[in-house]
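Each chain is listed here by its residues.
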Amino acid sequence: MKILVCMKQVPQKDAPLKLNESATWVREDIGYEVNEPDAYALEEALRQKEKNGGEVVVVTAGPARSQQVLREALAKGADRAIHLEDDRFVTLDAFNVARAIAQSIKDELFDLVFTGLQSDDFGYAQTGVLLAELLGWPHATIIMQIEAKDGGIRVKRELEGGYFQYVNMPLPSVLTIQSGINKLRYATLIGIKQAKNKPLRRVTFDEVSAALKPNQLTIERLYIPQKTKQTEVIQGPPQDVAKKLAAKLRDELRVF
Amino acid sequence: MAETILVIAEQRESKLNRVSFETLTCGQALAKQTGWTLEAAVAGNNIASVAAEVAKTAVAKVYAIEDGTLERYTPDGYVAALKKFIESSKPKLVLLPHTYQVRDFAPKLAASFGAVLVSDVVGYKYENGKLLFVRQMFQGKFAADVSLSGEGLWFVSFQSGSFRGDQVQPGQAPVEKVNAATGEIRTHPEAPFQEAKQAVDLSQAEIIVSVGRGIKEQKNIEIAKNLADALGGEIAASRPICDAGWLPMERQVGSSGQTVSPKLYLALGISGAIQHLVGMKGSRNIIAINKDAEAPIFEIADVAVVGNLFDIVPALTEEVKKVKV
């Protein structure tokens, strides 16, 4: 199976984020890392390849710095990479990112496209589904398990409330992968060495811009959420605290 | 022609998902401010009772979009049915709850109109005739006011807990049955199932007692369970507890688990990583017990108890048993 994994570089989890001057985005002088859900998507693709054979290709859309995400993926075992390289990709809405990726792979024939569940920066959780719509392929989201079956695949979807569901679907299709479904591997030293010789195709903004449309979604302002709650602090000997809490539960919150 | 707001309610196996009431509450508030008409729709098969339940809220009309092909959810089936319906009813704004099902089909539905879905929205602002939607960004570290270009059709999905479902205004709306349009369905779902026998839908729980790393050992979970039992609530946990296998995964609250908005959320030894907070911050009352006064959980807590949970929780369990008649 030939699998494309869409990956994104996002600010490090503990990065001290600061607003830019226009308060529409964060300042870029921070550390970045791979979007964690995408790491699980890559891992799942590598496992599928180990089981069924084929090829794993990774793609990202972002500035020069985001090549690091592709290098790491190649070191872990991806076969080749596609980098839509331009600062302007950062502020595209999910629909346009999907359009750009779809355009960049129009000459390729993939069986599957994987994305992570959502990104840790925007958190739209849409790029995979939109990509499926643009490619004209079926999709399934929040996938826990994938097996080849009768020329297609049978996937396990997570529903809400502890429910799951198996879905049978044809190829090609797009899947968004649930985080935590596998154990992430580390790149080996030999993998890191080999990665340097693996193909990385650069795609410029101009090569895909004809497929893009004006962003429909505009971030007017970004700000630190205001704390809206008044927090009452209770301290003291455990017995007193317990009494106060129990009275509060009964008289104020009326939970019983 | 008057502008219309359409709320798409969610059902599974002919049972209304309660989170739909939150979206209806939001729709009612928006309709009041904008003067637009509020309507609701629900898609499925044999959903008369669901439509009737939605019709008990203050909306102008409820559409029951029905067809046998919608018996079991598929993105193709839902998009075919809702696309056709939206084409004919021409709403300006479509509101949905940001559920797993909506995440699965709504981006595709919006894209089929060349439109963008503003997903996982926590609120809105109506300023000088302009609608802004508030989203969390960077895992809740920032909020963003987001605007949409054009005059609609716009699609917006709301994070669970952003509006109060119990504040939905009652009413009596007419129900109109619509025969759903059908199209090719390319994915074939099997019946939904639960992995564990005692699976619980935490999103429907009124009281949740949740444990985090501060519980230290698996055997200490009992302390929290006793309190949950005394309160008549459900036990839940943050991700590390479920990863360690101390509680089943289905009890996990957070971005990779369930999103809950109970009447009472008691957080025991939970520091409050953003991945956890996004799953429970919509709770109506949050009581956090943690020995670290700087724990981020206290930022969103209504009641902050700084202290040792191993002393306080058993004492609280006894007190609850006493005052609960």
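Observations regarding the overall build of chain A
Then step 1. The helix and strand inventory of chain A stands at 7 helices and 13 strands.
Then step 2. Considering only C-alpha atoms, chain A reaches an extent of 70 × 50 × 40 Å along its principal axes.
Then step 3. Expressed as a percentage of contacts within chain A between residues at least 6 apart in sequence, the contacts between residues at least 24 apart total 68%.
Then step 4. Accessible surface, chain A as shown: approximately 11,400 Å² in total, 50% of it carbon and sulfur.
Then step 5. Between the centroid of the 35 positive side chains of chain A and the centroid of its 34 negative side chains there is a distance of 4 Å.

Things to note about the interface of chain B and chain A
Then step 1. Taken residue by residue, the interface counts 86 residues in chain B and 81 residues in chain A.
Then step 2. Of the roughly 7,300 Å² buried at the junction of chain B and chain A (both faces included), carbon and sulfur atoms supply 57%.
Then step 3. The shortest N-O distance in the salt bridge between Lys-243 of chain A and Glu-319 of chain B comes to 3.8 Å.
Then step 4. The interface formed by chain B and chain A includes 36 residue pairs in polar contact (both at pLDDT 80 or more).
Then step 5. Taken together, the residues that form the side of chain B that touches chain A break down as 42 nonpolar, 18 polar and 26 charged.

Describing the nonpolar core
Then step 1. By size, the foremost hydrophobic cluster in this structure holds 82 residues, and its most contacted members are Leu-4 and Leu-84 of chain A together with Leu-93, Leu-95 and Phe-133 of chain B.
Then step 2. For Leu-95 of chain B, the residues in contact, after removing those within four places along its chain, are Ile-5, Leu-6, Val-7, Ile-8, Thr-23, Cys-26, Gly-27, Leu-30, Val-156 and Phe-158 of chain B.
Then step 3. Leu-249 of chain A together with Ala-237, Ile-287 and Val-305 of chain B belong to the second-largest nonpolar core, a separate cluster that totals 38 residues.

What about the sheet that holds strand S11 (residues 175-179) of chain B?
Then step 1. With mixed pairing, 10 strands are arranged side by side in an open sheet as S12(A)-S9(B)-S8(B)-S7(B)-S10(B)-S6(B)-S1(B)-S4(B)-S5(B)-S11(B). The sheet terminates laterally at strand S12 (217-223) of chain A together with S11 of chain B, the two strands that pair on one side only. Here the average twist between neighbouring strands, direction ignored, is 35 degrees.
Then step 2. Pairing analysis gives 5 bridges linking strand S8 (residues 130-137) of chain B to strand S9 (residues 142-148) of chain B, with the strands arranged antiparallel. Looking at the pairing, Phe-133 of chain B lines up with Val-146 of chain B of S9 of chain B.

Focus: helix H2 (residues 67-76) of chain A
Along an α-helix, residues three or four apart share an orientation, since each turn contains 3.6 residues.
Then step 1. Within the span of H2 of chain A, buried status applies to Gln-67, Val-69, Leu-70, Ala-73, Leu-74 and Ala-75 of chain A.
Then step 2. Gly-77 of chain A lies just past H2 of chain A and shows a positive phi near 135 degrees.

Side note on the domain arrangement of chain B
All names here are of chain B.
Then step 1. On domain assignment, one finds that chain B holds domain 1 (4-179) and domain 2 (202-323).
Then step 2. One C-alpha centre belongs to domain 1, the other to domain 2, and the line joining them spans 31 Å.
Then step 3. On the domain 2 side, the residues contacting the 13 residues of domain 1 number 11 residues.
Then step 4. Together domain 1 and domain 2 conceal approximately 990 Å² of surface at their shared face, both sides included; 37% is due to carbon and sulfur atoms.

Points about the side chain of Lys-108 of chain B
Then step 1. Mapped onto the elements of the fold, Lys-108 of chain B is located in helix H4 (residues 100-112).
Then step 2. You can call Lys-108 of chain B buried: its relative accessible area is 7%.
Then step 3. In contact with Lys-108 of chain B, not counting residues within four places along its chain, are Val-129, Glu-133 and His-139 of chain A together with Pro-75, Asp-76, Val-79 and Arg-186 of chain B.

Re the sheet that holds strand S17 (residues 285-290) of chain B
Then step 1. Taken together, the 6 strands give an open sheet; going across it, the order is S13(A)-S18(B)-S17(B)-S16(B)-S14(B)-S15(B), and neighbouring strands pair in parallel fashion. In this open sheet, the two strands that pair with only one neighbour each are strand S13 (232-234) of chain A together with strand S15 (234-237) of chain B. Ignoring which end each strand starts from, the neighbouring axes of this sheet average 20 degrees apart.
Then step 2. With 5 bridges joining them, strand S14 (residues 207-211) of chain B and strand S16 (residues 264-268) of chain B adopt parallel strand pairing. Counted as the bridge partner of Val-211 of chain B is Leu-268 of chain B from S16 of chain B.
Then step 3. Across the face of the sheet, helix H7 (residues 238-251) of chain A comes into contact with S13 of chain A together with S16, S17 and strand S18 (303-306) of chain B while running at roughly 140 degrees to S13 of chain A.
Then step 4. Contacting S14, S15 and S16 of chain B, helix H5 (residues 221-231) of chain B runs over the sheet at an angle of about 175 degrees to S14 of chain B.

Comments concerning the pattern of salt bridges
Then step 1. Within the structure shown, the criterion is met by 39 salt bridges over all chains.
Then step 2. A salt bridge links Asp-145 of chain B to Lys-125 of chain B, with the shortest nitrogen-to-oxygen separation between them at 2.8 Å. With Asp-145 of chain B in strand S9 and Lys-125 of chain B in strand S7 (residues 117-127), the pair connects residues that are 20 residues apart, well separated along the chain.
Then step 3. A network of salt bridges, in which partner residues are shared, links Lys-2, Glu-55, Arg-80, Glu-108 and Arg-201 of chain A.

A look at empty space enclosed by the protein
All names here are of chain A.
Then step 1. In total, this model carries 6 cavities of 30 Å³ or more according to the counting rule given.
Then step 2. As a volume, the largest cavity reaches approximately 580 Å³.
Then step 3. The wall of the largest cavity is formed by 43 residues, among which Lys-8, Val-97, Ser-119, Asp-121 and Thr-127 lie closest to the centre.
Then step 4. When grouped by side-chain class, the residues that make up the lining of the largest cavity number 21 nonpolar, 15 polar and 7 charged.

What counts and what doesn't
- Residues numbered from 1 in each chain as written.
- Chains lettered and ligands numbered in written order.
- Predicted model: local features only at pLDDT ≥ 70, side-chain atom pairs only at ≥ 80, totals over all residues.
- Heavy atoms only, no water.
- Helix = DSSP H or I, 4+ residues; strand = E, 2+ residues; numbered from the N terminus.
- Contact = heavy atoms within 4.5 Å.
- Areas by Shrake-Rupley, 256 points an atom, 1.4 Å probe, with all protein chains shown as cover.
- Lys, Arg positive; Asp, Glu negative; His and termini not counted.
- Charge placed at Lys NZ, Arg CZ, Asp CG, Glu CD.
- Buried area = accessible area lost by both parts, 1.4 Å probe.
- Salt bridge = Lys/Arg side-chain N within 4 Å of Asp/Glu carboxyl O.
- Polar contact = N/O pair within 3.5 Å; in protein donor to acceptor, adjacent residues only side chain to side chain.
- Nonpolar A, V, L, I, M, F, W, Y, C, P; charged D, E, K, R; others polar.
- Core = buried A, V, L, I, M, F, W, Y, C linked by side-chain atoms within 4.5 Å.
- Buried < 20%, exposed > 50% of the residue type's maximum accessible area, 1.4 Å probe, protein only.
- Pairing = 2+ DSSP bridges.
- Axes fitted to C-alpha atoms, helices over the stretch in contact; angles between N-to-C directions.
- Domains from an automatic or database assignment.
- 1 Å grid on protein atoms, 1.4 Å probe; cavity = no way out; pocket = protein on both sides within 12 Å on 5 of 7 lines; lining within 4 Å.
- Points joined across faces, edges and corners; volume = space filled by probe spheres on them.

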